[in-house]
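Observations on chain architecture
Next come the chains, spelled out residue by residue.
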Amino acid sequence: MRAADLRRTVARADASDGRRTERLRSTLAAVGLALAGRAGARLASVIGVSVSRSTVLRLVEALPDPEFPAPRVVGVDEYATRRGRHYGTVLVDVESRRPVDLLPDREASSLAAWLVNRPGVEVVCRDRAPFFAEGATAGAPQAVQVADRWHLWHNLSEVAERCVADHRGCLQVLAPDSAQSAPEPKKLEDPSDSPWPRGHRFADRTRDKHATVHELLAAGLSRRASGRQLHMTSRTSSEGTRPTNCSPSIETSGPHSASTATQASPPDSL
C-alpha cells in the first residue's frame with residue numbers, strides 16, 4: 001500500500017472514531033434522515049449493521065445545516081405546540097415549498113426582527129391576523145403583503161353562504177304536481193324572534209361562537225385573550241358580545257337586505 005493511500009485510510013478511520021468508515025457513516029445518516037431513530041436502527045440491522053436508535057439520531061444531528069438561498073416569497077402562519085395555550089410562527093419559502101424557520105411565539109416584534117435580517121424578501125404571504133400584518137409592515141416595509149389562497153377561499157365561502165342566507169326567500173323550490181303532492185311537514189316555530197331559524201348551519205355556528213365568547217369573558221379573560229384562544233381578532237370577538245339574537249339588524253326582505261346583513265355581521269377575520 002502506498003503512503004498516500006495509508007494516510008487516507010487512517011484519516012477516514014479517525015473521522016469515524018475508528019469504528020465506522022465515512023461511507024458507512026454517511027449511509028447511516030441518510031437512513032436516519034429518512035426514517036429517524038427507531039425505524040432507522042431496524043433497517044440498519046436488516047442490512048447487517050448493528051446500531052442503536054440513539055446513534056442514528058446522533059449521526060443526523062452531526063450533519064451540517066443545509067444551505068438554501070435567501071427566500072424571496074415568504075409564507076407566514078402559526079403553529080401550536082399546545083393548542084389553545086402556546087403558539088409559534090412558521091416561515092416557509094413559498095417558491096421552493098420548504099420550511100425556513102420557526103419562531104417561538106407569534107408576536108409582531110419577533111416576525112419584524114426576523115424580516116429585518118432578510119432584506120431580500122419581496123412578498124409576504126400571510127393570513128389576516130393583525131400581529132402578522134404589524135410584523136410584516138415593520139420588518140419588511142418594501143414587501144408586498146398578500147393573503148394566502150386558503151384564507152381567500154375560506155372568506156369567500158363564508159360571504160357566499162351569508163349572501164345566499166340573506167336571499168333565501170328569493171330561492172324558489174320547484175313544487176311537485178298537485179296530484180302527487182305530499183302533505184307539507186309542520187314547521188317548527190323558533191321561540192326566539194331571530195330571523196335565522198334553528199338548525200341553520202350558519203346560525204347555529206354563530207350562536208355557538210357567541211356562547212363561547214361569553215363563557216371566556218365570564219371566566220375572566222379579556223376580549224383580546226378570548227379572541228386569540230378562538231383564533232379571532234378582537235373586532236370579531238367584540239361582535240360575539242352582542243345580544244344572542246344572531247343578527248338583529250338583518251332584514252329578511254327588501255332591496256337593502258344583503259347590504260344590511262353585511263354591515264351587521266362582517267365575516268370573521270382569520
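See the structure printed just above.
It should be emphasised that the depicted structure is a prediction, and the values quoted were computed from it without experimental measurement. (Residues numbered from 1 in each chain as written. Predicted model: local features only at pLDDT ≥ 70, side-chain atom pairs only at ≥ 80, totals over all residues. Heavy atoms only, no water.)

This part covers helix α6 (residues 149-166). For α6, with 18 residues, the first-to-last C-alpha span of 26 Å sits near the 26 Å given by 1.5 Å per residue. Three or more residues of α6 are buried, namely His 151, Asn 155, Glu 158, Glu 161, Arg 162, Ala 165 and Asp 166. Looking straight down α6, one finds that the buried residues subtend no more than 140 degrees of arc, so they occupy a single side. Seen from the open side of α6, the exposed residues pointing more than 90 degrees away from its buried face are Arg 149 and Trp 153. (Helix = DSSP H or I, 4+ residues; strand = E, 2+ residues; numbered from the N terminus. Expected span 1.5 Å × (residues − 1). Buried < 20%, exposed > 50% of the residue type's maximum accessible area, 1.4 Å probe, protein only. Arc of directions from axis to C-beta.)

Spatial ordering of the open sheet is given by β3-β2-β1-β4-β5, a layout of five strands whose pairing is mixed. Each edge of the open sheet is held by one strand with a lone partner, namely β3 (98-103) and β5 (144-147). Taking each pair of neighbouring strands and ignoring which way they run, the sheet shows an average axis angle of 30 degrees. In this fold helix α5 (residues 130-139) packs onto β1 (73-82), β2 (86-93), β4 (123-126) and β5, with an angle of close to 140 degrees to the strand it touches most, β1. (Pairing = 2+ DSSP bridges. Axes fitted to C-alpha atoms, helices over the stretch in contact; angles between N-to-C directions. Contact = heavy atoms within 4.5 Å.)

Next up on the list: the environment of Arg 53. Within the secondary structure layout, Arg 53 lies in helix α3 (residues 53-61). Among the residues examined, Arg 53 registers a relative accessible area of 42% and is labelled partly exposed. Put simply, Arg 53 and Ala 39 are 14 residues apart on the chain and 7.9 Å apart in space, counted from C-alpha to C-alpha. Aside from chain neighbours lying at most four places away, what touches Arg 53 is Gly 37, Arg 38 and Ala 41.

The next subject is the nonpolar core. Membership of the largest hydrophobic core comes to 16 residues, with the highest contact counts inside it found for Val 76, Leu 91 and Leu 115. Elements with a minimum of two residues in this core: β1, α4 (108-116) and α5. Tallying contributions element by element places α4 first for this core, with four residues. With seven residues, the next largest nonpolar core counts Leu 28, Ala 29, Val 49 and Val 51 among its residues. (Core = buried A, V, L, I, M, F, W, Y, C linked by side-chain atoms within 4.5 Å.)

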